[in-house]
Structures are given as structure tokens and as C-alpha cells.
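Okay, here's what each chain looks like letter by letter:
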Amino acid sequence: MPTITLSHVSKSYDSQAPAISDLDLVVQDGEFMCLLGPSGCGKSTTLRVIAGLENLSAGEIMIGGRVLDSRDQGIFVPPEQRGAGLVFQSYALWPHLTVERNVSFGLRLRKVPADERDARAGFVMATLDIEQFRDRYPSQLSGGQQQRVALARMLVIEPDVLLLDEPLSNLDSRLRLKMRAELKRIHGEFGTTIVFVTHDQWEAMTLSTRIAVMNEGSLQQVGTPDEIYNSPANLFVAEFVGNPPINMVPVTIGQDTDLSLTLGEYVTRSFPKIDNVGSVGLRPETIRLTVREPPGNPHCLTSHARVAGILPTGGNWIVELDNGGAPLFVSTNISPEFNVGEMLYFQVDQSRMHLFDLDGIRISYENG
Amino acid sequence: MKRKSDRMPSKSAAQGESNSRAGMRGSARLSYHIKVGWREPTAIIGALMVVLFAYLVIVPIVTLLHDAVEVQFGDARRAKAEVGAWTLYYLNRTLASPIAQVLFWEPLAHTLSVAAGVMLVSLSLGVPLAWLLSRSDMFGRRWFATALIVPYMLPSWTFALVWRTLFRNRTVGGQQGWLESLGFTPPDWLAYGQVPITIILALHYTPFVILLFGNALRSFDSQLEESARILGAKSGTVAVQIIFPLMLPALLSATILIFAKCIGEFGVNYILGLPVDYNVLATSLYRSISSRQSGVAAVLAGAIMLIGIISLLVDARLVRESRRFVTVGGKGAMSRKSPLGIYRLPATVFAALIFLISVGFPLLVLVLSTIMKVPADFSLDNFTLDYWIGRNLETVALRTGILLTPDLWMAAWNTLRIVGFASLCSGLLGLLVGYVVVRSRVRWISSFLRHVTFFPYLVPGIAFAVAYLSLFAVQRGPIPALYGTGLILVLALTADQMPYSSRAGISAMMQLGKDPEEAAQMTGAGWLRRMTSVVLPIQKGALVTGTLLPFISGIKGLSLFVVLAVPTTDVLTTYSLRLIDNNYTQAANAVVLIIAAMAYFGTLAVQNVTKTNLADGLGG
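Report follows, based on the coordinates. Please read these numbers as outputs of a predicted model, since none were measured by experiment.

**Some thoughts on the packing of aromatic side chains**
Okay, so step 1: Applying the stated rule across the entire model yields 18 aromatic pairs over all chains.
Okay, so step 2: Taking 5.2 Å as the distance between ring centres and 70° as the angle between the ring planes, the aromatic pair formed by Y89 of chain B and Y90 of chain B counts as edge-to-face.
Okay, so step 3: Looking at Y89 of chain B, the relative accessible area reads 18%, which means it is buried.
Okay, so step 4: In this structure Y90 of chain B comes out as buried when scored by relative accessible area, which is 2%.
Okay, so step 5: When the ring of Y468 of chain B is compared with that of F472 of chain B, the centres are 5.5 Å apart and the planes differ by 40°; the resulting orientation is tilted. Remark: F472 of chain B and Y468 of chain B occur in helix 22 (residues 461-472); sequence separation between them is four residues, near one turn of the helix.
Okay, so step 6: Given the relative accessible area of 0%, Y468 of chain B is considered buried.
Okay, so step 7: Among the aromatic residues, those joined into a cluster by ring pairs are Y55, F464, Y468 and F472 of chain B.
Okay, so step 8: Its end group placed over the ring of F76 of chain A, R82 of chain A keeps NZ or CZ at 5.2 Å from the ring centre.
Okay, so step 9: In this structure, R283 of chain A is placed above the aromatic ring of Y229 of chain A, and the distance from its NZ or CZ to the ring centre is 4.0 Å.

As C-alpha cells, then:
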């Protein structure tokens, strides 16, 4: 079955730095895999080499046990023979064809009999709620409708693998939410293996069964959304995922802000076996604020800082604490009962701290 | 430790295997390369086009330059060497011999002084007009915006004919000029030579300045100007310190392009220079061809080419240098119209005057000249339609009106056939070049095509025509001598139009992008299917424009035809020139009117079909 296997995959253009280098990734059958990363990290290139729109510089790609691209074996299967569907960020609908024609293009190509073709195209268009537009041209549709036509066009040929290149990035936020739900439903209904490229962590979190985080052409971490968020493998993943972003406090010698010192002291005391901590990450929502000094707790870091700003975000508040160094951001859903300039106590559970070594790699202290 | 020893053998085995496969891997690499780069016809089409354009563009020019340093047939005795041997005879003759003055240096001086005069006049007319049209509240701006461009749609030598009709004096025979018949004999300096040539070319190229400079002004962000105003600058200061520096690239560009076009200009110089032996490089070149001095012609053509290339390189350089500080306004670009106040009416009168001088009056004269027996006699019985549709006229030859002359219809048919076919070729090739440039996975093919198709732009038409003449005059390998056939015209014209059509094709394909085709690929469509169902249907409009625009510029073109056409392949332009040579002024004027009408209405048709404005299509 269509398991996608990328082994030691590299792609470089001309003499520039490689777009992706030495990538190993396995997407299991039926999985919804998100490639997440900042723009220019190579996630779209990864999608395009899977589709066959680009060829590899080194490595090998297999889908369902069939080698599709391998320089060493002299194999390159062109995109039209790979059985993959790709939905473009720009949708790439054919402007000279009606919606129905766009959708049924692949079926006509395969010389599917007219009645079966109509039935299949009709079913997909009905599922995606675009049947009423069947005779319109793409330019007469809204962005969301175009996006669904682009999706329908690929779904109708029942690809083994569906590749989506930031398909939601051109939609407004309400439509995005709706399409996200729709995509999740389609994944359930059609059972296709999906690889989804996005730079939107929220999208990745809500949609995928697993997430592959990429940066500068290489894979940073692969895991479930929960793993990615709660045990980021390195500094990049920790800082890229999460909004507001994680507070990263360096605790190396020479970093002598109040918080660095307090945290460094705390870490040394609480994790006696670990001696190579470079920085500690504190997620904003795991920090508790209190006006009065809370009771002492050995499994908790307790300290205090001055409130430098309160930023309401509608239902939530981001509180900026000044601790003499970089500001510490705390997010809370309890209406703050304090003002700027006041002194507050804050507390973080030991179990919620993310420790990274001097190279920025996560230290898993359950074992250490 | 145990683990490690387990792994060792398998690793070395793999290594041995890889050694024994070293040869096989090489062939795998090769087959991979072929599968990736050459699996689709794109690469093959690209390779074919590389060959085609190498032959249509590079080979003729190389042949031409070669002719300049090789003893030509019949020159063996004078060059004191065998035919085909290397020689400096032609270079010497053209540049340093006693007749070099007449052959080269004087024409060069004339060419340069005409070009300088044209630049000066068309800038001083074009710049204020461009400003009035794009940034002021002058009356009838929209109408003028089209009307003032008309001279550029007409063949430049239309106006030379008008001039001749008006100012012709007794220096040449044939029908009198209007002024002469009104009792005033224009002096030679006014009737022929530098003065009229400069005026006419300047009027012809003023639209060029209006288009290029006007476009730049329109895209100029008024906020830049307004910020200066807010800081307290007077309008004079703003003009000198803000607008002028930012407009400099556009101005330089227009100036140098005009210069380059003047270098290759043939028709006007031929019509108005010949009677007083006022030669420029292009006419000197034409004379050398007529008198079969192909070696000298090659040197002259090379010189014209060199000047053309140098000036365009200078242009590229200057524009790049002055663009480094230009900031693009982006979204904020908005253009505010300056109120002219009490000058609103005078400004409008100025524009109207230019229109009358450059379009209205000349066309009127041309039309009148074809329906009047005696020049400048406006009594009713002097008017006649004989020159158009008369029969059994009392003339030596051409005894019917022009519309009843079979020669006209043959020339018209030739024009349609030759120019039409060439335009279709260049339109299609342009689109294909665009496709290959955008899609080819073999880099050097796309960059070669991009450059080679642009190259004819650097070579003035008449030099290009001479290159074709020297390549196709005799049989070379499997290619028969093509001189005298319509095919040589089609080939030359196609190559000459490639800069425009390939640029149009490349930009159309760039705009389309790869996505629609790749989407078809993802649904399983092979190459042929993608071309016929996706790419070509979407690019239908681009193909129509890419064919019509070369067609319009082709029917009014003269310099290519004058060298390459023979009486059986006469087109309208060469036919009218032949009529001028025989002093059938009315008939010649009528033919030119027909050409002008075709060019004008053709341009309007393109505008309507594509809903674009002239500035984009003719700006090249």
C-alpha cells in the first residue's frame, strides 16, 4: 500500500545551498502528514520531489514499494505516472475550462465511460459542495470555491497519495476553518494518504496525524502534534511551534539576569545528574501568576517579577514580565487583577520545563 | 562490541559490491539524466530551435562579417589576390582609400548629425507632450493620447513622400511640388537633405518619447513629489531634484533607442537624400549593393551593426546605472494631475498643433495629391479619381488607376502572403521559445534561445538584410540559393521579428507559470495532451497578438524588402518605392496611403482584440 519513503533525499538547484539535504521520512499508509516550517525551509520542494515535478540530486523516493526516483538506479518516473495528486497553492485551475471540465479532466484522459465519469465527478463535486457551479468558469468563483474545485480535480482520479501545497493560505480565516474541517472529513472519508505543506502551526496541529518540522532543508523532528508541542526535539522546534512563542531562558555562565540565575540554580538543584543544560524553555501558558506569594513547593520554580505590560487578545491576556533581561511572556485566560508596574509571583512546574543542552538538543530528564 | 562486529562484514560487502558496480552506476547516471532532461519533447524542440536560430541569426551575420575580409567574385584583380582569399582590401577601401570619404566617412557624419538632430527635436517635443498627456489637466487628453501616437503606426517614409509632394523643386523631374506651382521655389536645403530628413524622423519618433517617457511619468508616484512639496520645495526644485533624476532612465532609454533606430533608417534618407547626393550609412550601403560591391557592403553593414550594438549596450549600461537608486512605489503609486490654470488652453493648442503637423496635414496632403491633376490647384475641375480608378490614361506606362493595376494587387497579395506567413511563423516560434525558456530542464538551451532571439534587435534591418543576401545568394550545402524567392523574405522577416515575438512569448509563458501545466501533469496528462488541452488554449490570445503585431510592423517595413525583394516578390512598400523612382508620384502616394491605412486599422484591431493599449505593443 502507498507508504511514502524518502531516504537520504537531497535536492539542490544549480550551485546554491541545497533546498533539502539528506532527508529521511516515512509517511505511513492513510496518514495525514504535515510538513511544517518557515518559508524557504524546503517543505514545498519536498512535496514537489514526491510529486515528481522536480528530480532528486541524491537519494531515493519510493511509494508503495515502487522506486520512483533514484539517480543511482537510473530510475525516474514522470509525475503523470506516479499516481499522486497535487493541489497547488495557486490552485492552478485551467481558466479556459468550466468547473465540470476541470474536475473531469483526469477522467476524460483515462477514457472513463461517460456515465461513470459523470457519476464520479458528480459525487466528488457534491461532496465538496460545488455541484451548483459546474458550468461556471474558474474566474467566476470565489477563492474558497476555487480551492474546492482544485481539490475535487485531484480527488476524482482517486490518487494513492494526495499532496497539498499550502492550499488554505489564500483563504480568509473563517473559510480556512471550514476548509480545515472539510479536509479532515475528506481524509476520513476517502482514506487517502495525505502530505500537507504549511507554515501555519495551528493548521498543522489541528489537521495532522503526524507533523514533520523542517528548517533550512533538513528535518528537525517527526512526531504527533502532541509530541511536537510537548517534547520539542530541539530549540528550533520549541521556538517555532507555540503561540505566543516559548520563553527561552539561557542558563549558561555569563547570562546573569535575575531569571537566568534563578533558573540555573533551580535546574542544578533539581536535576543533579544533568550538567550540560544550555537553556530552559517555559511555555507561556504553563506559567502561573499570583499576586500573593504562593506556598513553597520543591517541584516548582517560584520567583517574582514586575509587570511590564498587559496585552489583551480577546478572552486571553498576554502578560509581559520584566526580569531584567529579555521579557518573559505569560498567557492566561483569567482576567488579570493587577496593573502594570506591580510585583507578581510566578510559578512553573518542574515537569513543564523544557531543557536543552548547549547544542540546542532536548534533554529528556525522565531518563537522565 | 558484538554489534559492531556484526555490522563489519556487511559493510565491506556493500563496498565490494559498489566497486564492481562502478561502471554500471555511470550508465545508470546517464540513463537518469536522459530520463529527467530529455524524456519530454520540450528538450528536443528546444534543441531544434537552437539549430534553427543559430542558422537564422548567427550564421548570416558571421557570413556577412566574413564577406568583409574575403576577396569577392570579380574583385580578384583589384584586391591582388585569389577569389576567396583573406584580404584587407574592402576594409581599406571603405575606411582609408581616397573614396572612403564618399563611401563611409561622409555618410557616417551625416548619419550621426541626423541622429543627433532627431534626438534633440523629438525630445524637446516629446517630453512636454508626455507630461501634458499623463500629468496635466489639458483638454482632450485621452483623444490626444491616441492621436499623437499615429505617426508611429505609419511608415516613416510616408512623411517623406508628403514632404516631397509639397517641397519638390526643379532639381528632380516629374510633377511639380505644391510650393513650386504656387510660384515659390523652395531652395534645395529645404527640399532635400539633412533638414527635411531630421524633421521627418523627429516627428516620426516623437511618439516613441511620448510612450516611453509617458509610461514612466504615469508610474511615477506623486507621493514622492508631494513629500518634497510638504517639506517646502518649490515646484521648480521638485522638478529638478526629484522628478528629473527619477525620470532619467526612461529619458536615456528613449533617446538611445531613437538613435539606434535612426542609424538603420533607410526609406526617408533614400527619398529625400538621393536628389542632392546626401548619403547616410544605410543609403551608402544600398548603393554598394546595387553596384554589386558586396565586400564594401559587408564592411558598411558591419559598421552599422557595430553602432547599433554599441548604442544599445550603452543604453543597457546607463539604464542599469541610473536605476540603482530608483525605488518602486508599489501600492502607493498614484498619479495626481497638475492643474494648468491659464495655460490650459495654450497647452491644448500646442498639442493640437503638433497633431496637425505630424498627422493631420501630412495625411491630408497625401490624400489630396492622389486626387488632384495639377498640384495646389484647388479649383473643382482639377480634382479627379483617375489616379485611383481611371482607365486608358494618357501616360507612357501605368495607364490605369492604381486600384486597377494588376501590379498593385500582386504586391498586396505578396505582402499578405509573405508578411502574413512570416508573422505566423514568428508568432508561433515566439510562443515556443517562451515555452522552452520557461520549461526546459536543460539550462543552456533556454539561455541561448533567450539571447539569440533577441540579437536581431541589435542589428538594423538593412544590415540584417545584407547578411541574408550574402548567405542565401548562392547555394550552400543542401540549402539552395534563395535570392529572388519569397522564402528568403519570410526567413529574414521571421528572424527580424523574433525579438518582439519571443519577448511576448516568454512573458506570456512566465505569466501563465508552470502551475496549470503541472496540474495537468498531476492528473496524468502526457506532454501532447498538456499542450493541446491546456497550454495552447490558454495562450490563444497571446498567439493572436504575437502574430498581428509583427504583421503590422512587417507591412510597413522597407529596409529588409528593399534589399531582398525582386520584382516578382514585390511587396507594397517596394512597389511604392519603384513608383517613386519612376516619378509616378500620385500612384506612389496612393500605395503609401493603402499601407498606412492597413497599419493603422490593424493596430486598432489588435488593440480591440487584446484590450491592451498601444504603449505596450509598440514600445519595443
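**Thoughts on the environment of P38 of chain A**
All names here are of chain A.
Okay, so step 1: Checked against the element boundaries, P38 lands in the loop between strand 3 (32-36) and helix 1 (43-51).
Okay, so step 2: What makes P38 partly exposed here is its relative accessible area of 25%.
Okay, so step 3: A C-alpha to C-alpha distance of 9.7 Å links P38 and Q201, two positions 163 residues apart in sequence.
Okay, so step 4: Contacts of P38, omitting those with residues within four sequence positions, involve K43, M214, N215, F236 and F240.

**Things to note about the pattern of salt bridges**
Okay, so step 1: Inspection of every chain in the model, using the stated rule, returns 22 salt bridges over all chains.
Okay, so step 2: With a closest N to O distance of 4.0 Å, E158 of chain A and R120 of chain A form a salt bridge. Remark: R120 of chain A occurs in helix 3 (residues 114-127) and E158 of chain A occurs in the loop between helix 4 (143-155) and strand 8 (161-165); sequence separation between them is 38 residues.
Okay, so step 3: When its relative accessible area of 54% is taken as the criterion, E158 of chain A is described as exposed.
Okay, so step 4: Through salt bridges with shared partners, a single network forms among R48, E54 and E80 of chain A together with R439, E517, E518 and R530 of chain B.

**Topic: the interface of chain A and chain B**
Okay, so step 1: Each side of the interface is counted separately: chain A has 36 residues, and chain B has 29 residues.
Okay, so step 2: Roughly 2700 Å² is buried in total at the junction of chain A and chain B, and carbon and sulfur atoms are behind 59% of that figure.
Okay, so step 3: In this structure, the connection of chain A to chain B is made through two salt bridges.
Okay, so step 4: Its salt-bridge partner being E518 of chain B, residue R48 of chain A comes within 2.8 Å of it at the nearest N-O pair.
Okay, so step 5: On the surface where chain A and chain B come into contact, there are nine residue pairs in polar contact (both at pLDDT 80 or more).
Okay, so step 6: Put simply, the parts of the chain that give the side of chain A that touches chain B at least two residues each are helix 1, strand 5 (66-70), strand 6 (75-76), strand 7 (84-87), helix 2 (99-109) and helix 4 of chain A.
Okay, so step 7: With four residues, the top contributor of residues to the side of chain A that touches chain B is helix 2 of chain A.
Okay, so step 8: Partitioned by chemical class, the residues of the side of chain A that touches chain B number 17 nonpolar, nine polar and ten charged.

**Focus on empty space enclosed by the protein**
Residue and element names in this part refer to chain B.
Okay, so step 1: According to the stated counting rule, one finds seven cavities of 30 Å³ or more in the structure shown.
Okay, so step 2: Space inside the largest cavity adds up to approximately 90 Å³.
Okay, so step 3: Residue lining of the largest cavity: 13 residues in total, with T165, Q175, W178, S369 and P375 positioned closest to the centre.
Okay, so step 4: Of all the secondary-structure elements, those providing two or more residues to the lining of the largest cavity are helix 9 (157-167) and helix 18 (344-369).
Okay, so step 5: By residue class, the composition of the lining of the largest cavity is six nonpolar, five polar and two charged.
Okay, so step 6: If you add up the space inside the second largest cavity, you get close to 60 Å³.
Okay, so step 7: Around the second largest cavity, the lining residues are Y435, V438, R439, M509, L512, G513, P516, E517 and V535.
Okay, so step 8: In terms of residue count, the dominant contributor to the lining of the second largest cavity is helix 20 (residues 406-439) (three residues).
Okay, so step 9: Taken together, the residues of the lining of the second largest cavity sort by class into six nonpolar, one polar and two charged.

**Focus: unusual backbone geometry**
Okay, so step 1: A cis geometry characterises the amide bond from N243 of chain A onward to P244 of chain A, with omega recorded as -5°.
Okay, so step 2: Summarising the element assignment, P244 of chain A is placed in the loop between helix 8 (235-240) and strand 12 (247-250).

Rules of the game
- Residues numbered from 1 in each chain as written.
- Chains lettered and ligands numbered in written order.
- Predicted model: local features only at pLDDT ≥ 70, side-chain atom pairs only at ≥ 80, totals over all residues.
- Heavy atoms only, no water.
- Phe/Tyr/Trp six-rings, centres within 6.5 Å; stacked < 30°, edge-to-face > 60°.
- Buried < 20%, exposed > 50% of the residue type's maximum accessible area, 1.4 Å probe, protein only.
- Helix = DSSP H or I, 4+ residues; strand = E, 2+ residues; numbered from the N terminus.
- Lys NZ or Arg CZ within 6 Å of the ring centre and 35° of its normal.
- Contact = heavy atoms within 4.5 Å.
- Salt bridge = Lys/Arg side-chain N within 4 Å of Asp/Glu carboxyl O.
- Buried area = accessible area lost by both parts, 1.4 Å probe.
- Polar contact = N/O pair within 3.5 Å; in protein donor to acceptor, adjacent residues only side chain to side chain.
- Nonpolar A, V, L, I, M, F, W, Y, C, P; charged D, E, K, R; others polar.
- 1 Å grid on protein atoms, 1.4 Å probe; cavity = no way out; pocket = protein on both sides within 12 Å on 5 of 7 lines; lining within 4 Å.
- Points joined across faces, edges and corners; volume = space filled by probe spheres on them.

Don't take any of this as a statement about function, it's just geometry.
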